[in-house]
Amino acid sequence: MTTRTLRAPRLGFWEVFGAVVLVAFAVVAFLRFSRGLGAVTHLSDQFPWGVWIGFDVLCGVGLAAGAFTIMAIVHIFHIERFEPILRPTLLTGLLGYLLVIAGLLFDLGQPWRIWHALVFWNPHSVMFEVAWCVMLYTTVLVLEFLPIVFERLRLERPRRVLRAIGTPLVIAGVLLSTLHQSSLGTLYLIVPTKLYPLWYSPMLPFLFVMSAVAAGLAMVVLESTLSGRAFGRHLEMDILEPLARGLVVALGLYGLLRALLLHRTGAWLLLLHPGYEERMFLLEYGIGVVVPWCLLLVPAIRRSKQWLPLISLFVVMGFLLNRLNVSVTGMERAAGVRYIPSAMEFTVSVGLVALGFVLFALAARYLPIFPDEAPARAAADGG
Amino acid sequence: MSAGLLFDATKCIGCGGCTAACKEEHELPLPIEDRTTAATWTTVQKRAGVWTRTMCMHCLTPTCVSVCPVGAMQKTARGAVVYDAEKCIGCRYCMMACPFGIPKYQWDRPVPIVGKCVMCAERLADGKQPACATVCPTGATTFGERDTLLADARERIRQSPQRYVPHVYGSDEAGGTAVMYLSSVPFAKLGLPENLPRQPLSLLTWQVLGKIPDYAMMAGAFLYGIHWLTRRRMQLAAEANARAARPAGRAGA
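Computed from a predicted model, the values in this text were never measured in an experiment. (Residues numbered from 1 in each chain as written. Chains lettered and ligands numbered in written order. Predicted model: local features only at pLDDT ≥ 70, side-chain atom pairs only at ≥ 80, totals over all residues. Heavy atoms only, no water.)

A. Up close: the overall build of chain B. Regarding its fold elements, chain B presents 9 helices and 9 strands. What you see for chain B is a C-alpha radius of gyration of 29 Å, clearly larger than the 18 Å of a compact globule of 253 residues, by over 25%. Taking the principal axes of its C-alpha atoms as reference, chain B extends roughly 110 × 45 × 35 Å. Classification of the 253 residues of chain B by burial places 50% in the buried group. (Helix = DSSP H or I, 4+ residues; strand = E, 2+ residues; numbered from the N terminus. Rg over C-alpha atoms; globule rule 2.2 N^0.38 Å. Buried < 20%, exposed > 50% of the residue type's maximum accessible area, 1.4 Å probe, protein only.)

Okay, structure coming up:
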């Protein structure tokens, strides 16, 4: 029974790559905290928020949105055929939030004061809302995830306690995470004269929630594909196809609202004379929204094991580009400087993603994450 | 009773007295840099052929005060926007949000804080003027009550219309500022943004933040309602199935 867990990990390309990244990550972490932000980043007085906010926080939170979406579908709408993907999605959400917090600890000037948000209140600040949403929703995710750990440890009593508060917990989770997704958009409402008109909109909070739901669903497809490959499991197309239909709706609504807003503000006129920002926008909206949406309308493509993950990857890339466009591309002109992250900033971001993969693999190995594996495992143990 | 500063760019000779006095008053390290930093809170530079100052505008409804999650930025009763380094966590949202690009950061320190002009709030509390205003030899920077300064500025424009752009910058920008400018060239050429709304920027976020309690209650009730409805429907379906599965003879017995 224990031979499986004691086996040394095989050293393929990804294992070596991951180890190198994690070592570099540790070195940068040391430099960051001993020498300050200026020594490792390309941030400046003109460009105070970089890729640690734009990628690690904005993208990390968005990609974790699958968790609240699937939790709501299964436990509030009681559409139970999605039950098998609930646990991996929840794990992705929890890891996403833990890594967002890790990213924040890098980016904050004085991270050891993060608790100040608990005692020095300013309810007029969006950042105050963001801080509370991160703390409360991470707590909810931990409580939602703990039953899986208790199941592994065969702790029945605490599991029953958590099950008793299950419904309020799920509702609180949906509320907190939608508030958090939207608040990341609200952050940028305060810069109407700085953020380029292709991205500034009074509806940014809504746009952030809607794009996160679409990206969250696309992430569920991707993560099912990847874990299918890594753990040698077959793809559950009877679950992923309906998800793809949900993705058509979510992506379509988001794309439509985006287009309507650009029309109303007249910002689309900028596209007639494409410059740097316009090209980035077209890339984002074209490959992240229009192309995948059109392809997903074809039933045969939605059912295809090859096409669906590829299109989901497009949706996720488009989402990442959107968050980076809001936080970097759209802010450069007003700042009067071009911001390109330093190699060390990249290292931290890539390192956190690598850490996420490692933690996911560990959790998938030691915890009952993929429930339909249980009978197979029991059979293997018995034999 | 809100204090303010009026800077008349047509009177500035670029002597740099204000910048030196600022460094001395706040014990900031030299040199005096050519743009504001965490260690240089005000500068004098020639732009478009005119000497102009850069410093915190001390907004009447400051964006930085509204965005700071821990309340490290505060507006004093006298009108100065001050910074409490002991509270600051270093999120730098004030730097992002400030429409004038004023707060600056100590990028080279492992324990960094924000630096910005605080209108010499401690001197104000002692009944003194800000250091920069006391040393200005030409009266380009003058200190006083904001209302008085604004009236004075408008009077100067009325008396010498050929000398000034017919607007007091700061009278209503972003809801109005305590530091105001007069100039002979367009304010944009002095590096002052001319595309700012007339209302405080914090209204933009408060319109959303203020709705959160309503959203939470309505969405919570809605989600619980859906949860209850769908579960009830499943229970009824299960009962109907169970009834249908029972032997028909039992109903007659």
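Text resumes after the structure shown.
B. Just the interface of chain B and chain A, in detail. Contact with chain B, which involves 56 residues of that partner, is made by 55 residues of chain A. Of the roughly 4700 Å² buried where chain B meets chain A, counting both sides, 65% is carbon and sulfur surface. Viewed at the interface, chain A and chain B are joined by 26 residue pairs in polar contact (both at pLDDT 80 or more). Only helix H2 (63-67), helix H3 (93-97), strand S6 (104-105), helix H7 (202-209) and helix H8 (212-245) of chain B provide two or more residues apiece to the side of chain B that touches chain A. Its residues assigned to classes, the side of chain B that touches chain A comprises 36 nonpolar, 12 polar and 8 charged. (Contact = heavy atoms within 4.5 Å. Buried area = accessible area lost by both parts, 1.4 Å probe. Polar contact = N/O pair within 3.5 Å; in protein donor to acceptor, adjacent residues only side chain to side chain. Nonpolar A, V, L, I, M, F, W, Y, C, P; charged D, E, K, R; others polar.)

C. Looking closely at the sheet that holds strand S8 (residues 141-145) of chain B. Residue and element names in this part refer to chain B. Pairing is mixed in the open sheet, where 3 strands are placed in the order S8-S1-S9. Strands at the two margins of the open sheet, each flanked by one partner only, are S8 and strand S9 (179-182). Averaged over all pairs of adjacent strands, the angle between strand axes in this sheet comes to 25°, irrespective of strand direction. Looking at chain direction, strand S1 (residues 3-8) and S9 are connected through 4 bridges and run parallel. Opposite Leu6, over in S9, you have Met180 as the bridge partner. (Pairing = 2+ DSSP bridges. Axes fitted to C-alpha atoms, helices over the stretch in contact; angles between N-to-C directions.)

D. Expanded view of the layout of surface pockets. Of the voids in this model, the second largest pocket is the one considered here, and its volume is about 940 Å³. In terms of lining, the second largest pocket is formed by 41 residues, of which the most central are A:Ala334, A:Ala335, B:Phe100, B:Gly101 and B:Gly191. Contributing elements (two or more residues each) for the lining of the second largest pocket: helix H15 (307-335) of chain A together with strand S2 (43-47), strand S3 (50-54) and H3 of chain B. Per-element accounting of the lining of the second largest pocket gives the leading share, 5 residues, to H15(A). Of the residues that constitute the lining of the second largest pocket, the class distribution is 22 nonpolar, 11 polar and 8 charged. (1 Å grid on protein atoms, 1.4 Å probe; cavity = no way out; pocket = protein on both sides within 12 Å on 5 of 7 lines; lining within 4 Å. Points joined across faces, edges and corners; volume = space filled by probe spheres on them.)

E. Seen up close, the environment of A:Gly351. Residue and element names in this part refer to chain A. Mapped onto the secondary structure, Gly351 falls in helix H16 (residues 343-366). Its relative accessible area of 0% is what places Gly351 among the buried residues. Considering only alpha carbons, one finds Gly351 and Ala29, 322 residues apart in sequence, at a separation of 10 Å. Residue contacts for Gly351: discarding those within four places in its chain leaves Val21, Leu22, Phe25 and Phe346.

F. Up close: the environment of A:Ile287. Mapped onto the elements of the fold, A:Ile287 is located in helix H13 (residues 276-296). Distance in space between the C-alpha atoms of A:Ile287 and A:Gly228 is 25 Å, their sequence separation being 59 residues.

G. Region of interest: a nonpolar patch on the surface. Residues and elements named next belong to chain A. Taken together, Leu283, Ile287, Val291, Trp307, Leu310, Leu313, Phe314 and Met317 make up a surface patch of nonpolar side chains, about 660 Å² in accessible area. Looking at the nonpolar patch, the elements with two or more residues in it are H13 and H15. No other element matches the 5 residues that H15 contributes to the nonpolar patch. If you trace the backbone, Leu313 turns up in helix H15. With relative accessibility at 36%, the residue Leu313 sits in the partly exposed group. (Patch = residues over 30% accessible without salt bridge, like charges linked within 9 Å, V, L, I, M, F, W, Y side chains within 5 Å. Areas by Shrake-Rupley, 256 points an atom, 1.4 Å probe, with all protein chains shown as cover. Salt bridge = Lys/Arg side-chain N within 4 Å of Asp/Glu carboxyl O.)

H. Structural view of the packing of helix H6 (residues 86-107) of chain A against helix H8 (residues 126-153) of chain A. Residue and element names in this part refer to chain A. At a minimum axis distance of 10 Å, the contact between H6 and H8 shows a crossing angle of 135°. When the axes of H6 and H8 are compared, the pair comes out oblique. Considering how the two elements wind past one another, H6 and H8 form a crossing that is left-handed. Residues Arg87, Leu90, Leu91, Gly93, Leu94, Tyr97, Leu98 and Ile101 of H6 form the contact with H8, whose own contacting residues are Val134, Tyr137, Thr138, Leu141, Val142, Glu144, Phe145, Ile148 and Glu151. (Parallel < 35°, antiparallel > 145°, perpendicular 65-115°, else oblique. Left-handed = near helix turned anticlockwise from the far one by under 90°.)

I. Main features of the environment of B:Ser202. All names here are of chain B. Mapped onto the secondary structure, Ser202 falls in helix H7. Judged by relative accessible area, which is 12%, Ser202 ranks as buried. C-alpha separation for the pair Ser202 and Thr63, spaced 139 residues apart in sequence, amounts to 5.7 Å.

J. Representation of empty space enclosed by the protein within the structure. All names here are of chain A. The tally for this structure, following the rule as stated, stands at 8 cavities of 30 Å³ or more. Taken as a whole, the largest cavity holds about 130 Å³ of empty space. Lining the largest cavity are 18 residues, with Leu198, Trp199, Ser201, Leu207 and Arg258 sitting closest to its centre. Listing elements by their share of the lining of the largest cavity, those giving two or more residues are helix H11 (204-230), helix H12 (237-265) and H15. Counting residues per element, the lining of the largest cavity draws most heavily on H12, at 5 residues. The residue inventory of the lining of the largest cavity, partitioned by class, reads 12 nonpolar, 4 polar and 2 charged.

K. Focus on the side chain of A:Arg302. Residues and elements named next belong to chain A. Within the secondary structure, Arg302 sits in helix H14 (residues 299-302). The exposure class assigned to Arg302 is buried, which follows from its relative accessible area of 10%. Here the side chain of Arg302 touches Glu241 through a polar contact of 3.1 Å, side chain to side chain. Sequence-distant contacts of Arg302, defined by excluding residues within four places in its chain, comprise Met237, Glu241, Ala244, Arg245, Val248, Leu296, Leu297 and Leu308.

L. Up close: H11(A). Residue and element names in this part refer to chain A. Look at H11: 37 Å from first C-alpha to last across 27 residues, which is about the 39 Å you get at 1.5 Å a residue. Counting buried residues in H11 gives 21 out of 27 residues, a clear majority hidden from the surface. Two residues or fewer past H11, Gly232 is found with a positive phi of approximately 60°. (Expected span 1.5 Å × (residues − 1).)

M. Inspection of the nonpolar core at higher detail. One finds A:Ile70, A:Leu187, A:Tyr188, A:Leu195 and B:Tyr93 to be the most contacted residues of the largest nonpolar core, which totals 142 residues. A per-element tally of this core places H12(A) first, with 13 residues. With near-sequence residues (within four places) excluded, A:Ile70 lies in contact with A:Ile85, A:Leu86, A:Thr89, A:Leu217, A:Val220 and A:Leu243. Core analysis: the next-biggest nonpolar cluster, separate from the first, contains 38 residues, B:Ala80, B:Cys98, B:Phe100 and B:Ala174 among them. (Core = buried A, V, L, I, M, F, W, Y, C linked by side-chain atoms within 4.5 Å.)

N. Region of interest: the pattern of salt bridges. This model, assessed by the stated rule, comprises 17 salt bridges over all chains. For the salt bridge of A:Glu284 with A:Arg258, the shortest nitrogen-to-oxygen distance reads 2.7 Å. In this pair, A:Glu284 is assigned in helix H13 and A:Arg258 in helix H12, connecting sequence segments 26 residues apart. Taking relative accessible area as the criterion, A:Glu284 reaches 2% and is therefore assigned buried. Across the pair B:Glu173 and B:Arg198 runs a salt bridge, and its minimum N-O distance is 3.5 Å. Highlighted residues: B:Glu173 in the loop between helix H6 (146-159) and S9 and B:Arg198 in the loop between S9 and H7, separated in sequence by 25 residues. On the basis of relative accessible area, B:Glu173 is assigned to the buried category, the value being 4%. The exposure class of B:Arg198 is partly exposed, given its relative accessible area of 38%.

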